Amino acid sequence: MRALREVAADAVTRAMRATLPPELRSADPLVRRSDHADFQSNVSLSLAKRAGRKPRELAEQLAGALDGGIGVELSGPGFLNLTVTDETLWRQVAARLADDRLGVGSPELGRRTVIDYSGPNIAKEMHVGHLRTTIIGDALARLLDHLGAVVIRQNHLGDWGTQFGMLIEYLDTHPEARWRAADLAEGEAATTSALDALYKLARAEFDADPEFADRARQRVVALQAGDEATLASWHELVAESQKAFQAIYDYLGVLLTAEDSAGESSYNRYLDEVAVEVERAGVAQDSDGALCVFFDDVTGPDGDPVPLIVRKSDGGYGYATTDLATIRYRIQELKASRILYVVDTRQALHFRMVFDTARRMGWLTDDVSAEHIGFGTVLGPDGKPFKTRSGGTVRLVELLDSAVERARVEIETKPHTLAPDELGTVARQAGIGAVKYADLSTSRIKDYVFDPVRMVSFYGNTGVYLQYAHTRIRSILRKLPPGTSDTVVGDGPVLPAERALALLNDEYAATLADVAATLEPHRLCGYLFSLAKAFTEFYESCPVLNAESDAVRANRVALCRLTGTTLGQGLGLLGIETPDRM
Ligand code: ARG
């Protein structure tokens with residue numbers, strides 16, 4: 001479906017073809033939204049010089065040739081003020097409403113898109129640092145999928161590394177540790193979990209007892225060599241962690257499941273091969289016994305080159321090698337045409353080096369795009385990176401609980417008709433929605449302060465405000481007498497607030513395409529916020545139930561429905577639920 005802006009642009013293009021010399025005919029008609037009319041084109045000003053004409057003259061000529069449902073007026077030195085006819089406007093509302101997809105196309109059709117997000121570390125609890133990757137990655141997954149992409153979610157779990165030697169050795173020599181850890185977690189319910197407790201116990205012994213530390217190191221070797229008993233313990237730890245992660249994903253309402261897990265361990269079997277391949281290709285060289293890739297433009301503060309280490313001098317592999325094997329796998333096996341890494345901006349250099357190496361290896365070609373989708377830090381009330389009062393990391397579940405709790409208070413203190421069990425559900429939807437919206441509505445690369453009180457407010461640019469606007473539209477529609485028509489009648493004057501709301505609804509598809517291109521969900525947030533505000537203005541000046549005629553009412557009901565559906569769908573693409581009442 002063509003958006004009205006495109007319809008207007010097409011009309012200007014046709015006028016240009018009919019009146020301009022051939023070399024100017026295919027220029028961009030430069031049609032934008034405007035405060036003076038629905039749209040404005042300044043193409044006459046931009047082409048006047050090349051056409052050897054006065055802008056105003058050129059504009060008059062274009063205006064004279066304009067056809068097709070668009071009214072035109074000249075203004076200023078040569079602007080074309082374009083206005084969609086009432087009939088065209090209502091027809092557009094009806095057409096979007098009649099389509100399940102609200103007229104949204106599939107610009108990403110068939111594009112195989114790998115999205116790497118969340119990536120928590122096994123045997124540790126999810127913390128504040130996993131919030132943004134999980135929320136942003138999930139919103140992008142939903143949105144690109146909606147636009148037709150084949151989305152392949154990849155949860156790059158940190159499930160391999162030297163810390164497992166220590167944990168497994170501890171579990172083996174202290175079989176009772178499972179229970180002790182669970183007790184410990186219980187005792188300090190608010191600050192730790194069984195896995196974190198186990199980690200602390202093992203770490204303490206590792207630091208205190210050199211003999212234990214030695215055995216722990218041998219365990220790493222045994223694990224990497226595939227020793228059965230060691231692998232079994234490792235599997236147990238992985239399974240335990242997966243359960244804990246899944247509980248958070250369910251609470252958050254994100255799409256990730258165990259099937260999306262492709263942890264670091266799954267690339268283990270490729271590491272030798274990858275190291276040999278990059279060495280043979282001459283992309284990596286020996287440097288003091290380590291195998292390294294160097295880059296012309298990557299140097300440390302002292303000016304010395306900073307390498308990507310493919311193989312350490314002790315023969316071990318690390319995070320970087322795994323990411324090389326990962327990108328190769330995603331291109332060659334998953335056949336990705338776009339790979340998005342939704343990871344903290346602090347890893348920007350790492351990904352630059354990984355992508356550059358992959359390009360030099362010929363794995364990453366011009367047909368594939370690899371993009372690091374970085375983001376800023378979640379800050380505490382003091383404006384510094386969020387820490388607990390004692391300086392520890394903040395558990396993710398606590399953060400979410402605090403928002404849900406705050407949302408419950410906010411909802412309870414307003415007049416409402418929710419039953420107690422319903423209140424719990426709505427509080428969760430509101431609290432989680434608020435966290436997601438606060439995160440997604442700030443430009444990705446910026447830091448933001450995690451402030452539950454502000455986030456769950458019914459006023460201002462918040463998720464709760466949008467959810468509430470959605471429930472209000474639903475309730476207006478519920479109150480209509482049965483059989484009230486929403487069949488658009490294409491006559492009758494359009495009031496300014498109706499026009500503004502219709503035009504804004506019409507920008508939905510273009511907004512989604514814009515987010516798909518820029519991968520900036522805050523643009524969708526901003527759009528939905530404008531839509532909700534435009535609805536409020538519409539509802540204040542245009543009575544629906546008490547409209548002056550059936551025809552006017554039908555048009556307004558259609559507009560209510562379209563706005564409600566657009567708002568609900570748009571929030572859904574951000575991963576935000578829409579309660580029926582709140
Ligand atoms: N586990 C990593 C971390 O906590 C995130 C993984 C990101 N993805 C990747 N392919 N490196 O920092």
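In what follows, the accompanying structure is described. Residue indices follow the written sequence of each chain, beginning from 1 at its first position. Owing to the predicted nature of the model, reporting of local features is limited to residues with pLDDT of at least 70; listing and counting of side-chain atom pairs is limited to 80 or more, with chain, interface and lining totals taken over all residues. Values shown for side chains rest on all heavy atoms present in the structure; no hydrogens or waters enter the calculation.

### Here we look at the pattern of salt bridges
At step 1: Note on definitions: salt bridges are taken to be side-chain nitrogens of Lys or Arg within 4 Å of carboxyl oxygens of Asp or Glu. Evaluation of the coordinates by the stated rule reveals 42 salt bridges.
At step 2: The closest approach of N and O atoms between Glu 498 and Arg 556, which form a salt bridge, is 2.8 Å. Residue Glu 498 is found in helix 18 (residues 496-505), and its partner Arg 556 is found in helix 21 (residues 550-573); the two are separated by 58 residues along the sequence.
At step 3: Only protein chains enter the area calculation, which uses a 1.4 Å probe; residues under 20% of their type maximum are buried, those over 50% are exposed, and those in between are partly exposed. By relative accessible area, Glu 498 is classed as buried at 2%.
At step 4: Measuring nitrogen to oxygen at the nearest pair gives 3.1 Å for the salt bridge that ties Arg 523 to Asp 514.
At step 5: With a relative accessible area of 33%, Arg 523 lands in the partly exposed category.
At step 6: Overlapping salt bridges bring together Glu 108, Arg 111, Arg 338 and Glu 371 as one network. The way it works is that DSSP assigns letters per residue, a run of H or I at least four long becomes a helix, a run of E at least two long becomes a strand, and they are numbered from the N terminus.

### Details of helix 12 (residues 319-332)
At step 1: For helix 12, built from 14 residues, the straight-helix expectation of 20 Å at 1.5 Å per residue is met to within 8% by its first-to-last C-alpha distance of 20 Å.
At step 2: Counting buried positions along helix 12 gives eleven out of 14 residues, so the element sits mostly inside the fold. Any helix carries an expected span of 1.5 Å times its number of residues minus one.

### Focus: the sheet that holds strand 1 (residues 31-33)
At step 1: One bridge is not enough; two strands pair if DSSP finds at least two bridges between them. Spatial strand order, 1-2-4-3: four strands in an open sheet with antiparallel pairing. With one partner strand each, in any of the chains shown, strand 1 and strand 3 (70-75) form the two edges of the open sheet. Mean inter-strand twist for the sheet, computed between neighbouring axes without regard to direction, equals 30°.
At step 2: Pairing geometry for strand 3 and strand 4 (residues 79-84), over six bridges, is antiparallel. Along strand 4, the bridge assignment pairs Glu 73 with Asn 81.
At step 3: Sheet strands in contact with helix 3 (residues 55-65) are strand 3 and strand 4, and its direction is about 165° off that of strand 3. With axes taken as lines fitted to C-alpha atoms, and helix axes fitted only over the stretch in contact, angles between N-to-C directions fall between 0 and 180 degrees. The contact criterion used is simple: two residues touch if any of their non-hydrogen atoms lie within 4.5 Å.

### What to know about the site of the ligand
At step 1: Distances are taken per atom, and a residue is near a molecule or strand as soon as one of its heavy atoms is within 4 Å of it. With respect to spatial proximity, the complete set of residues near the ligand consists of Asp 116, Gly 119, Asn 121, His 156, Tyr 319, Asp 323, Tyr 341, Val 343, Gln 347 and Phe 351.
At step 2: Asp 116 places a side-chain nitrogen or oxygen 2.8 Å from a nitrogen atom of the ligand.
At step 3: Pairs of N or O atoms are called polar contacts if they sit within 3.5 Å, as long as, within protein, a hydrogen donor faces a hydrogen acceptor (for residues adjacent in sequence, only side-chain-to-side-chain pairs). A distance of 2.9 Å separates a nitrogen atom of the ligand from a polar atom in the backbone of Gly 119.
At step 4: Within the complex, 85% of the 350 Å² of free accessible area of the ligand lies under protein.
At step 5: Charged residues are taken to be Asp, Glu, Lys and Arg, nonpolar residues to be Ala, Val, Leu, Ile, Met, Phe, Trp, Tyr, Cys and Pro, and polar residues to be all remaining types, Gly included. Classifying every residue of the shell around the ligand by side-chain character gives four nonpolar, four polar and two charged. In these tables, accessible area is a Shrake-Rupley quantity obtained with a 1.4 Å probe, and a residue counts as shielded only by the protein chains included in the view.

### Examining the side chain of Arg 330
At step 1: Looking at where Arg 330 falls in the secondary structure, it is placed in helix 12.
At step 2: A distance of 3.0 Å separates polar atoms of two side chains, one belonging to Arg 330 and the other to Asp 116.
At step 3: Apart from residues lying up to four places away in sequence, Arg 330 is in contact with Val 114, Asp 116, Gln 154, His 156, Tyr 267, Lys 335, Ala 336, Ile 339 and Tyr 341.

### A closer look at the pairing of strand 5 (residues 112-116)
At step 1: Where burial is concerned, most of strand 5 is hidden: four out of the five residues are buried.
At step 2: By the bridge criterion, five bridges tie strand 5 to strand 6 (residues 150-154) in an arrangement that is parallel. Residue Ile 115 lies in a different strand from strand 6, and its bridge partner there is Arg 153.
At step 3: Taking the sense of rotation as the criterion, the β-α-β connection linking strand 5, helix 5 (residues 131-146) and strand 6 turns out right-handed.
At step 4: Pairing analysis gives four bridges linking strand 5 to strand 10 (residues 338-341), with the strands arranged parallel. In the strand pairing of strand 10, Val 114 is matched with Ile 339. By the criterion used throughout, a crossover qualifies as right-handed when its path from the first strand across the helix to the second strand runs clockwise, the strands pointing away from the viewer.

### A word on the environment of Asp 344
At step 1: Here Asp 344 lies in the loop between strand 10 and helix 13 (348-360).
At step 2: Along the primary structure Asp 344 and Val 557 are separated by 213 residues, whereas in three dimensions their C-alpha atoms are 44 Å apart.
At step 3: Look past the residues within four positions of Asp 344 in its chain and what remains in contact with it is His 372, Gly 374 and Phe 375.

### Considering the pairing of strand 11 (residues 369-372)
At step 1: The sheet contact formed by strand 10 and strand 11 spans four bridges and is parallel. Across the sheet, residue Leu 340 finds its bridge partner in strand 11, namely Glu 371.
At step 2: As for the winding sense of the linkage, the β-α-β connection from strand 10 through helix 13 to strand 11 is right-handed.

### Side note on the nonpolar core
At step 1: Residues belong to a common nonpolar core when they are buried Ala, Val, Leu, Ile, Met, Phe, Trp, Tyr or Cys residues joined through side-chain atoms within 4.5 Å. Residues Leu 82, Ile 115, Leu 131, Phe 164, Leu 466, Leu 524 and Phe 538 are the most contacted members of the largest nonpolar core, which totals 147 residues.
At step 2: The contact partners of Leu 82, leaving out residues within four places of it in the chain, are Ala 8, Val 12, Val 31, Ala 37, Asp 38, Phe 39, Ser 41, Leu 66, Ile 70, Gly 71 and Val 72.
At step 3: Residues Leu 334, Ile 339, Ala 358 and Leu 364 belong to the second largest nonpolar core, which totals 37 residues.

### What to know about the packing of aromatic side chains
At step 1: Ring pairs are drawn from Phe, Tyr and Trp, using the six-membered ring of Trp, whenever the two centres fall within 6.5 Å, and their geometry is named by plane angle: stacked under 30 degrees, edge-to-face over 60, tilted for the rest. According to the stated counting rule, one finds 13 aromatic pairs in the structure shown.
At step 2: Ring centres 6.0 Å apart and planes at 50° place the aromatic pair Phe 386 and Phe 450 in the tilted group. One end of the pair, Phe 386, is in the loop between strand 12 (378-379) and helix 14 (396-412); the other, Phe 450, is in the loop between strand 13 (448-449) and helix 16 (452-455), with 64 residues separating them in the sequence.
At step 3: We classify Phe 386 as buried; its relative accessible area is 16%.
At step 4: Each ring, one from Tyr 465 and one from Phe 529, has its centre 5.5 Å from the other, and the planes form 70°; the classification is edge-to-face. Of the two residues, Tyr 465 is situated in helix 17 (residues 463-479) and Phe 529 in helix 20 (residues 522-541); the sequence distance between them amounts to 64 residues.
At step 5: Take Tyr 465: its relative accessible area is 15%, and that puts it in the buried class.
At step 6: Among the aromatic residues, ring-to-ring pairing joins Tyr 267, Tyr 270 and Tyr 329 into one connected group.

Any functional reading would require information beyond the geometric quantities listed.
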